[in-house]
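Chain by chain, the residues run as shown.
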Amino acid sequence: MTPDRNLYSQLPAIDKLLRDASFSDLLRNFGHTQVVSTLREMLETAREYIRTQQQLPTWNGNWAAQAQVQLESHQRSALQPVFNLTGTVLHTNLGRALQAEAAIEAVTNAMRFPVTLEYDLHGAERGHRDKALAGLLCELTGAEDACIVNNNAAAVLLMLAACASGENVVVSRGELVEIGGAFRIPDVMRQAGCKLVEVGTTNRTHLKDYRQAAGENTALLMKVHTSNYQVAGFTKAVTEAELVELGNELNIPVVTDLGSGSLVDLTQWGLPEEPMPQQLIAAGVSLVSFSGDKLLGGPQAGIIVGKKDLIARIQSHPLKRALRADKMTLAALEATLRLYQHPETLVERLPTLRLLTRDANEITELAQRLLPEFQSQYGEQFTVCVEPCLSQIGSGSLPVDRLPSSALTFSPKDGRGSTLGALTQSLRELPKPIIGRISDGRLWLDLRCLEDETGFMENLKP
Ligand SMILES: *Cc1c(COP(=O)(O)O)cnc(C)c1O
């Protein structure tokens with residue numbers, strides 16, 4: 001017999017393993033189907049291992065323990081909770097805004113019970129899905145009506161398709177934004193069936209540029225908020241108010257893709273200024289679109305507020321049905337918007353705002369409290385320190401502005417990138433992974449978004 005063949009014969013049979021007492025817990029917790037398919041995979045791996053390495057895998061003596069590891073890793077959610085210590089508060093890859101407790105409760109109810117989504121309790125008529133929220137949005141923004149879709153990209157697409165399909169839309173060359181994830185204004189225009197008419201230059205666009213470009217076929221004058229970049233230096237942009245004046249004269253509606261849009265004045269908390277939908281509505285803009293999960297701090301959604309006749313056109317466009325928000329989104333959005341009716345408690349109750357306004361000294365104190373534990377666990381290989389850093393808002397909101405914060409930093413004593421990589425990886429493998437940021441040859445854990453200090457320390461225990 002070749003040594004190989006001898007090794008193959010040492011692999012156990014599945015039915016024999018299943019009868020072993022060591023498998024009874026696994027069978028109860030994961031079920032026969034999953035346990036058997038895992039064992040088949042393991043056998044396959046073991047045979048492959050024998051073929052390539054001429055030896056048995058190390059776990060050959062303990063199939064139950066290895067099966068448990070594999071079954072547990074299969075069970076792990078694809079949407080695993082993590083600690084976001086990247087320093088970016090609205091991190092698109094980590095799900096942007098954390099929801100307020102009120103929103104979480106509202107979503108849970110909408111999931112658990114039938115709700116009056118399109119049902120009016122006071123009349124026999126079938127209610128409109130966005131109706132309840134439209135009232136709230138009008139109250140908060142001063143608009144006449146509102147429409148809610150899946151995200152702001154969908155809002156822009158729908159707005160253009162419903163109001164300007166087959167016609168021209170005038171946009172400044174300084175505002176031909178790419179957001180990332182393939183959202184580019186020229187491409188969205190094409191998809192919506194509109195013809196983009198670019199005016200002005202990258203750095204300067206004047207009112208006369210819009211006037212010259214507007215003609216018979218012009219359906220809209222459009223402004224796009226340059227949310228993820230800034231044009232600085234010798235610049236000129238036309239304000240919405242100026243454009244509305246021209247629009248009124250030519251009888252062409254002005255619309256704005258505001259990107260983030262904040263429903264409250266952020267400067268009252270010392271944050272950078274961000275345009276508010278209510279300001280644009282007051283300036284006479286016909287339609288304003290913005291995201292639900294950027295500075296608003298709610299669920300992923302696209303919100304369009306504006307004039308009644310245009311919103312009616314949008315609501316009846318076939319794409320609205322394809323892009324509409326579901327009941328969970330609407331429930332979370334409604335609960336979030338209600339927090340804005342009570343601005344005195346907004347910072348406390350809206351996580352996005354609470355994290356953005358967090359005091360730098362409080363973050364430093366937190367870092368100092370955590371430092372000894374990290375020094376004792378990682379001090380052998382790394383110099384662990386508390387250092388000042390700058391957090392960013394993220395999701396293309398207020399791209400240039402930074403918020404003073406504090407981080408735990410880890411510099412590898414051997415100066416090697418691979419040591420740093422191994423640390424980053426081991427933090428990602430904790431029960432609740434910790435996601436930081438590498439910069440200047442160090443790992444930075446910006447503590448701005450760490451609120452659960454106890455859970456964080458528990459998570460570190462070996
Ligand atoms: C973020 C953004 C979008 C896309 O919004 P989503 O809600 O991410 O779909 C569109 N336009 C601008 C200007 C943005 O900043």
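Residues numbered from 1 in each chain as written. Predicted model: local features only at pLDDT ≥ 70, side-chain atom pairs only at ≥ 80, totals over all residues. Heavy atoms only, no water.

Q: Can you walk me through the overall build of the chain in this structure?
A: Secondary structure summary: the chain contains 20 helices and 15 strands in total. For the chain, the residues scored as buried account for 47% of the 462 residues in total. A fraction of 74% describes how many contacts in the chain between residues 6 or more apart in sequence connect residues 24 or more apart. When the accessible surface of the chain is summed, it comes to about 23000 Å², and 49% of that surface belongs to carbon and sulfur atoms. Seen as two clouds, the 44 positive and the 53 negative side-chain charges of the chain have centres 5 Å apart. (Helix = DSSP H or I, 4+ residues; strand = E, 2+ residues; numbered from the N terminus. Buried < 20%, exposed > 50% of the residue type's maximum accessible area, 1.4 Å probe, protein only. Contact = heavy atoms within 4.5 Å. Areas by Shrake-Rupley, 256 points an atom, 1.4 Å probe, with all protein chains shown as cover. Lys, Arg positive; Asp, Glu negative; His and termini not counted. Charge placed at Lys NZ, Arg CZ, Asp CG, Glu CD.)

Q: Can you walk me through the UniProt feature "modified residue: N6-(pyridoxal phosphate)lysine" (unreviewed entry) in the chain in this structure?
A: Per the UniProt entry, the sites bearing "modified residue: N6-(pyridoxal phosphate)lysine" (unreviewed entry) are Lys294 in this numbering. With respect to the secondary-structure elements, Lys294 resides in the loop between β9 (287–291) and β10 (302–306). Residue Lys294 is classed as buried on the basis of its relative accessible area, which comes to 5%. (UniProt positions renumbered as here; feature names shortened; annotations may be inferred.)

Q: I keep staring at the pattern of salt bridges and nothing clicks. Help me out?
A: Side chains that carry opposite charge are capable of pairing whenever their charged atoms lie near each other. Tallying each qualifying case throughout the model produces 19 salt bridges. Among the ionic pairs, Glu48 bridges to Arg51, the shortest N-O distance being 2.7 Å. With Glu48 and Arg51 both in helix α4 (residues 32–53), this residue pair falls 3 residues apart, about one helical turn. When its relative accessible area of 40% is taken as the criterion, Glu48 is described as partly exposed. Arg129 is the partner of Glu118 in a salt bridge, and the nearest nitrogen-oxygen pair spans 2.7 Å. Of the two residues, Glu118 sits in the loop between α6 (101–112) and α7 (131–141) while Arg129 sits in the loop between α6 and α7, which places them 11 residues apart along the sequence. Among the residues examined, Arg129 registers a relative accessible area of 13% and is labelled buried. A network of salt bridges, in which partner residues are shared, links Glu118, Arg129 and Arg324. (Salt bridge = Lys/Arg side-chain N within 4 Å of Asp/Glu carboxyl O.)

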